[in-house]
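# Results of the structural survey
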Amino acid sequence: MNLNNYFHNKILTVIFLLLANCILGHAQSKINNERKQLFDYNWKFMLGDEASAKSMDFDDTGWRNLNLPHDWSIEGKVNPKNPTSGAGGYFPAGVAWYRKTFEVPAEWKGKNVSVYFEGVYMNSEVFINGESLGVRPYGYSSFRYNLSAYLDFGKQNVIAVRVDNSQQINSRWYSGSGIYRHVWMSVTDPVHVADWGVAITTPKVSPEKAVVQVKTLIKNETSSTQRLVVNTQLLAVNAKKAGSNKISVELPANSEKEVTQTVQVTNPSLWSPDAPNLYLAHTQLSIGNAVIDETKTGFGIRSLAFTVENGFQLNGKTVKISGACVHHDNGCLGAAAFDRAEERKVELLKATGFNAVRTSHNPPSEAFLSACDRLGLLVMDEAFDGWRVGKNKKDYAIYFDKWWKRDLETMVLRDRNHPSIFMWSVGNEVAERKTPEAVETAKMLVGAVKNIDTTRPVTSAVVTWGEWESFDPLMAAHDVSGYNYQLHSAPADHKRVPSRIIVQTESYPRDAFANWKLVQNNSYIIGDFVWTGMDYLGESGIGRSYYSGEVPGENWDNDMFPWHGAYCGDMDLTGWRKPISHYRNLLYNNTEKLYMAVREPNPEPFEIKETKWSVWPTWESWTWPGHDGKNIDVEIYSKYSKVRLYLNNKLVGEKPTTEEQEFRASFSVPYAPGILRAVGVESGKEVESTMLQTAGDVAKIKLTADRKEILANGQDLSYVTIEVTDKEGRIQPNARNRLHFKIEGPGVIEGVDNADLKDIDLYKGNSRNAWHGRALVIIRSTHAAGNIKLTVTSPDLPGAILNIKTLDSSQFAN
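What you see is a predicted model, and the numbers here were worked out from it, not measured in a lab.

Turning next to the overall build of the protein chain. Counting secondary structure elements, the protein chain contains ten helices and 49 strands. A globule of 814 residues ought to have a C-alpha radius of gyration of about 28 Å, and the protein chain, at 27 Å, matches this closely. By principal-axis analysis of the C-alpha atoms, the protein chain measures approximately 90 × 65 × 50 Å. Within the protein chain, buried positions represent 59% of all 814 residues.

Written out as structure tokens, the structure is:
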């Protein structure tokens, strides 16, 4: 059992229960009286369109039962005939309906009752008891509807949601389809804190003292004046009181008022990626002796500064950004934003060495941002991929003029209290970027952000090939200039526009060293975001390498099926770190100083071809049957002054690996099975070593779970890595064995994967081929506590068994 994960998740559960203030039980047909209640369970689903499904008395008994979050596209077959095309990974889309029947307590009459959707992709229309509440086109925006006027109190009610993702192509990457994020029910008094009504800033920060400003928007939806007390307490993560403020307020009938409270915190624990200290603001509204509403808002105390002279400073210290662009999908889970999947993504990015993430090109889930706060990952929160001119015929451009303001304000209001967010982005490679109208649009968007939040800079990502100086007016409309693939232009740009602060918002993976050097040597360049931190579904074929004779060119040149995803990530879809990940981490951090991998040899008579976002296919393998005596290139990344390479204890050679050599060395080695060993050398002494050993024939299956104890809430996940090994337990990197999965007990298989983006097997299934000796199974809990047994078998191999415990919330928290 992994005790670190065990206690870590106990803490997370307590925090989740405290901040969310919800009940995780599954009997949601009957609802409790909490202010915010999880509304994910016991939905009905039908793929297809049925206009009468909005009606309260519609018969949905034949529909599928499921829990949220849910993405129906990932359940379907990858097929070149699907209308999402290569952009959407050739996954199915279409129209579907969700329905949920629930009882509303009689005591809710007179309350303010609303339903809150964190994200529905896309073109959703919500009905309550047959009445339409509204539509929301943008699939990444959170939205809320007031239900009070439509509910039958003390009786059964029906909420229905129509989701239309049939208008294709509407995305340049895999979007998923459905109610793919959480849904909540909210119940408040008529006098209450407004939705997203708490704004917390830290205008003065030092190690000795911090000033915390809490602004609370209070609504009085009664017909009489209300006199109340607003009491805000600040709590540190250990529940220790850090300060408080109490103020009396008078609200006229049917009005709202913003109340500002200032609290001084002595010796604050500052938030940073290295020390992600969090606080909680507990705000109570009281009339007389009765508390009528209360909210709990997490925040961090930290200062941000951006200057040409010092770059980006966090808490007064310059921080260089080693960032990753990341799309919102979770691999074989599709777009479904399970809390654990979002948290694991942040864990992997941190472990890889990144200190920042760009949410390309849309607002992320709330669970993702909360994990960034908690684990310490800076965030560039991005609103849109495009503005008025479309990149695809059915994308956001057709909604922009009507919806941009509401969608942008939603992002900033929802996300503004997250300390991890250090910058907003309002666009990416907008198609109209060469026009004067684009400058005016940028000013409009930046102004809308500043109307809500003036504490963070605003950027957008600009790309071009030629005529770079013509974008100076567009750059000037932003606080920080976002460069896509153009950082080499920065020194000349600095001479022309010395006041410009620059961040590279996208870069080619292979340019890691050149970009690192520019970031390190120029104060006005605050960092680099590589495209991308992880592989993703859709944008099929970007980042691929291929053999001569296969379909040539970039992903936009030809149809790349069966490729259905992008292979440009520092990590693959299972979370395995590619060699480029170790190289980038070695450049920016001191957590690893020596790494070795082997460049895949050309498969004679064919040749390996690269594309713009690829790096040469390189593997942690010294198992190359059929290549005996043929030269194979070995790459060593090193922060030592020199490295030595040994094959079967014989010295192959020694080479320098200083900055002049870009901290890398390459050796051409005649292949012979055995042990390949790289050694870091400093002052003539061998300091550190790493090795690769030839694997034998496939003999065993090895199972490793990231967590062997999970919460029995119907949503928690355990990621099980499967390795096909030789008899000594060494992974066999050429294994492609067919693997079969069987699960027993209170769990289900939520997804299967192997990171091979040309493998079109279903991601929802009980079988998968290994790829390079690996595969992945994701297990989801049910609502029952007990023991889950996973059995993995393969023809001609002994089976392997793994047990995972599911615990109820009382076991998890104690």
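Let us look at the pattern of salt bridges. Across all of its chains, the model carries 49 salt bridges by this definition. We note a salt bridge from Lys111 to Asp189, for which the minimum N-O separation is 3.7 Å. Of the two residues, Lys111 sits in the loop between β4 (94-103) and β5 (112-117) while Asp189 sits in the loop between β10 (183-188) and β11 (191-205), which places them 78 residues apart along the sequence. Owing to a relative accessible area of 32%, Lys111 belongs among the partly exposed residues under this scheme.

Attention now moves to helix α9 (residues 579-588). Since one α-helical turn is 3.6 residues long, residues separated by three or four positions face the same way. With ten of ten residues buried, α9 is to be regarded as a mostly interior element. For α9, the full list of buried residues reads Pro579, Ile580, Ser581, His582, Tyr583, Arg584, Asn585, Leu586, Leu587 and Tyr588.

Among the secondary structure elements, Asp407 is positioned in helix α4 (residues 400-415). At 2.7 Å, the side chain of Asp407 and the side chain of Ser141 are in polar contact. The contacts of Asp407, once residues within four sequence positions are left out, are Arg136, Tyr138, Ser141, Phe384 and Tyr396.

Our next topic: the side chain of Thr725. As for its position among the elements, Thr725 is in strand β43 (residues 717-725). For Thr725, a relative accessible area of 1% puts it in the buried group. In this structure Thr725 touches Asp697, Val698, Ala699, Lys700, Lys702, Arg730, Ile731 and Gln732, once residues within four positions along its chain are discounted.

As a further point, take the sheet that holds strand β14 (residues 241-251). Spatially, four strands are ordered β14-β13-β16-β17 in an open sheet, and the strand pairing comes out antiparallel. A single partner strand is all that each edge strand has here, and the edge strands are β14 and β17 (290-299). Strand-to-strand, the axes of this sheet are offset by a mean angle of 15°, without reference to chain direction. With ten bridges joining them, strand β13 (residues 226-236) and β14 adopt antiparallel strand pairing. Bridge assignment links Leu235 to a residue of β14, and that residue is Lys241.

Now for the nonpolar core. Counting 145 residues, the largest nonpolar core has Phe312, Phe384, Leu408, Phe422 and Trp622 as its most contacted members. It is helix α5 (residues 436-452) that provides the largest number of residues to this core, a total of seven residues. With residues near it in sequence (within four places) discarded, Phe384 still touches Tyr138, His361, Tyr396, Phe400, Trp404, Asp407, Leu408, Val426, Gly427, Asn428 and Leu445.

In total, this model carries 41 aromatic pairs according to the counting rule given. Geometrically, the ring pair formed by Phe384 and Tyr396 is stacked, given 5.0 Å between the ring centres and 15° between the ring planes. Highlighted residues: Phe384 in the loop between β23 (378-382) and α4 and Tyr396 in the loop between β23 and α4, separated in sequence by twelve residues. Assessed through its relative accessible area of 1%, Phe384 is described here as buried. A connected cluster of aromatic rings, assembled from ring pairs, spans Tyr121, Tyr138, Tyr140, Phe384, Tyr396, Phe400 and Trp404. Positioned above the aromatic ring of Tyr763, the side-chain terminus of Arg768 is 4.7 Å from the ring centre.

This part covers unusual backbone geometry. Phi is mostly negative for residues that are not glycine, and the peptide bonds are mostly trans. Here the residue pair Leu68 and Pro69 is connected by a cis peptide bond, since its omega of 0° sits within 30 degrees of zero. As for its placement among the helices and strands, Pro69 is situated in the loop between β3 (64-66) and β4. Here the residue pair Tyr121 and Met122 is connected by a cis peptide bond, since its omega of -15° sits within 30 degrees of zero. Structurally, the position occupied by Met122 is in the loop between β5 and β6 (124-128). The phi angle at Asn254 is positive, at roughly 50°, despite the residue not being glycine. Locating Asn254 in the fold gives a position in the loop between β14 and β15 (255-266). Residue classification places Asn254 among the exposed positions, given a relative accessible area of 58%. One non-glycine residue, Asn648, lies in the positive phi region at around 55°. When you line up the elements, Asn648 lands in the loop between β36 (642-647) and β37 (650-656). Judged by its relative accessible area of 36%, Asn648 falls in the partly exposed class.

Taken together, four strands build an open sheet; the order of strands is β41-β43-β47-β45 and the sheet is antiparallel. Both outer strands of the open sheet, β41 (700-705) and β45 (747-753), are each paired with one neighbouring strand and no more. With direction set aside, neighbouring strand axes in the sheet form an average angle of 25°. In this structure, β41 lies alongside β43, joined through six bridges in antiparallel fashion. Opposite Ala705, over in β43, you have Val720 as the bridge partner.

Relative to the 24 Å expected for 17 residues at 1.5 Å per residue, α5 spans 26 Å between its end C-alpha atoms, a close match to the ideal helical length. Every buried residue of α5 is listed here: Ala438, Val439, Thr441, Ala442, Leu445, Val446, Ala448 and Val449. In this structure, the buried side of α5 is in contact with α4, β24 (421-428), β25 (458-462) and α6 (472-476).

What counts, and where the lines are drawn
- Residues numbered from 1 in each chain as written.
- Predicted model: local features only at pLDDT ≥ 70, side-chain atom pairs only at ≥ 80, totals over all residues.
- Heavy atoms only, no water.
- Helix = DSSP H or I, 4+ residues; strand = E, 2+ residues; numbered from the N terminus.
- Rg over C-alpha atoms; globule rule 2.2 N^0.38 Å.
- Buried < 20%, exposed > 50% of the residue type's maximum accessible area, 1.4 Å probe, protein only.
- Salt bridge = Lys/Arg side-chain N within 4 Å of Asp/Glu carboxyl O.
- Polar contact = N/O pair within 3.5 Å; in protein donor to acceptor, adjacent residues only side chain to side chain.
- Contact = heavy atoms within 4.5 Å.
- Pairing = 2+ DSSP bridges.
- Axes fitted to C-alpha atoms, helices over the stretch in contact; angles between N-to-C directions.
- Core = buried A, V, L, I, M, F, W, Y, C linked by side-chain atoms within 4.5 Å.
- Phe/Tyr/Trp six-rings, centres within 6.5 Å; stacked < 30°, edge-to-face > 60°.
- Lys NZ or Arg CZ within 6 Å of the ring centre and 35° of its normal.
- Expected span 1.5 Å × (residues − 1).

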